[in-house]
Amino acid sequence: MTNVSEHGDHTEAYMAEDRANMTEPARAFLDAWLSSMDTELDRWRTVFLPSGFPYDFTLGSLDALEHFPDQAAVAAEHNADFTSGAVRYIGEVAHRSVPSRWGYQDRGEDHPSPCNRVRVRGILPGPAR
């Protein structure tokens, strides 16, 4: 995975803080997910994207990604492989365009937070510390 940090942000410090607050299974999941980023994005591109798709990780490329008509289609089980790749691509676009980082939360199956067990999320850092 390419980590473009042109923004002078504090990505490394924020990631270290995130990791210190993660459970070991969450850290292991995130590490495995990130280590497969390039391979999974290449597979997603080959399987799902047309040859003319602007696969350049720019904000403008997201306009060409309008594949699903609504939220229900995105959540449909038969679209899981496309959706997983799209999450990776959209997250990498954000990660390369603005100061951000990948993270993962796992507070247990019964935790009510809407952010719990979100597979992976790109989040903007707060004010510099």
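Residues numbered from 1 in each chain as written. Predicted model: local features only at pLDDT ≥ 70, side-chain atom pairs only at ≥ 80, totals over all residues. Heavy atoms only, no water.

1. Let's talk about the packing of aromatic side chains
Argument step 1. Per the counting criterion, the structure on display carries eight aromatic pairs.
Argument step 2. The aromatic ring of Trp33 is capped on one face by Arg88, whose charged end is 3.9 Å from the ring centroid.
Argument step 3. When the ring centre of Phe57 is taken as reference, the NZ or CZ atom of Arg96 above it lies at 3.8 Å. (Phe/Tyr/Trp six-rings, centres within 6.5 Å; stacked < 30°, edge-to-face > 60°. Lys NZ or Arg CZ within 6 Å of the ring centre and 35° of its normal.)

2. A closer look at the confidence of the model for the protein
Argument step 1. Of the residues in the protein, 77% reach a pLDDT of 70 or more, and the chain-wide mean stands at 78.
Argument step 2. Strand S2 (residues 121–123) is the least confidently modelled element of the protein, averaging 51 in pLDDT, while helix H3 (residues 37–48) averages 95, the highest of any element.
Argument step 3. Every residue in residues 1–8 scores below 50 in pLDDT, and together they form 18 contacts with partners more than four places removed in sequence or on other chains.
Argument step 4. The low-confidence segment residues 124–129 (pLDDT under 50) makes 14 contacts with residues lying over four places distant or belonging to another chain. (pLDDT = per-residue confidence, 0-100. Helix = DSSP H or I, 4+ residues; strand = E, 2+ residues; numbered from the N terminus. Contact = heavy atoms within 4.5 Å.)

3. Re the side chain of Ser61
Argument step 1. Checked against the element boundaries, Ser61 lands in the loop between H3 and helix H4 (71–75).
Argument step 2. Look at Ser61 and you get buried, because its relative accessible area is 0%.
Argument step 3. From its side chain, Ser61 meets the backbone oxygen of Thr58 in a polar contact 2.6 Å long.
Argument step 4. A polar contact of 2.6 Å, which involves the side chain of Ser61, links it to the side chain of Tyr89.
Argument step 5. Once residues within four sequence positions are removed from consideration, Ser61 is found in contact with Phe53, Pro54, Asp56, Tyr89 and Val93. (Buried < 20%, exposed > 50% of the residue type's maximum accessible area, 1.4 Å probe, protein only. Polar contact = N/O pair within 3.5 Å; in protein donor to acceptor, adjacent residues only side chain to side chain.)

4. Side note on the nonpolar core
Argument step 1. Core analysis: the largest hydrophobic core is formed by 19 residues, its most contacted members being Leu41, Trp44, Tyr55, Leu65 and Tyr89.
Argument step 2. When contributions to this core are tallied by element, the ones reaching two or more residues are helix H2 (24–35), H3 and helix H5 (80–97).
Argument step 3. Residues contacting Tyr89, with those up to four places away along its chain left out, are Leu41, Trp44, Phe53, Pro54, Tyr55, Asp56, Phe57, Thr58, Ser61, Leu62 and Leu65. (Core = buried A, V, L, I, M, F, W, Y, C linked by side-chain atoms within 4.5 Å.)

5. A word on the packing of H3 against H5
Argument step 1. It is at 9 Å that the axes of H3 and H5 come closest, and there the two elements cross at 120 degrees. Classified by the angle their axes make, H3 and H5 are oblique. For the pair H3 and H5, the crossing hand works out as left-handed. Contact residues: H3 offers Met37, Glu40, Leu41, Arg43, Trp44 and Phe48, while H5 offers Asp81, Phe82, Gly85, Ala86, Arg88, Tyr89 and Glu92.
Argument step 2. Its residues assigned to classes, the contact of H3 with H5 shows seven nonpolar, one polar and five charged. (Axes fitted to C-alpha atoms, helices over the stretch in contact; angles between N-to-C directions. Parallel < 35°, antiparallel > 145°, perpendicular 65-115°, else oblique. Left-handed = near helix turned anticlockwise from the far one by under 90°. Nonpolar A, V, L, I, M, F, W, Y, C, P; charged D, E, K, R; others polar.)

6. As for H3
Argument step 1. The end-to-end C-alpha separation of H3 is 16 Å, in line with the 16 Å expected for twelve residues at 1.5 Å each.
Argument step 2. Those residues of H3 lying buried are Met37, Leu41 and Trp44. All buried residues of H3 lie within an arc of 60 degrees about the axis, which places them on one face of the element. Facing away from the buried surface of H3 by more than 90 degrees, the exposed residues are Thr39, Thr46 and Val47.
Argument step 3. Looking at the buried side of H3, the elements it contacts are H2, H5 and strand S1 (101–103). (Expected span 1.5 Å × (residues − 1). Arc of directions from axis to C-beta.)

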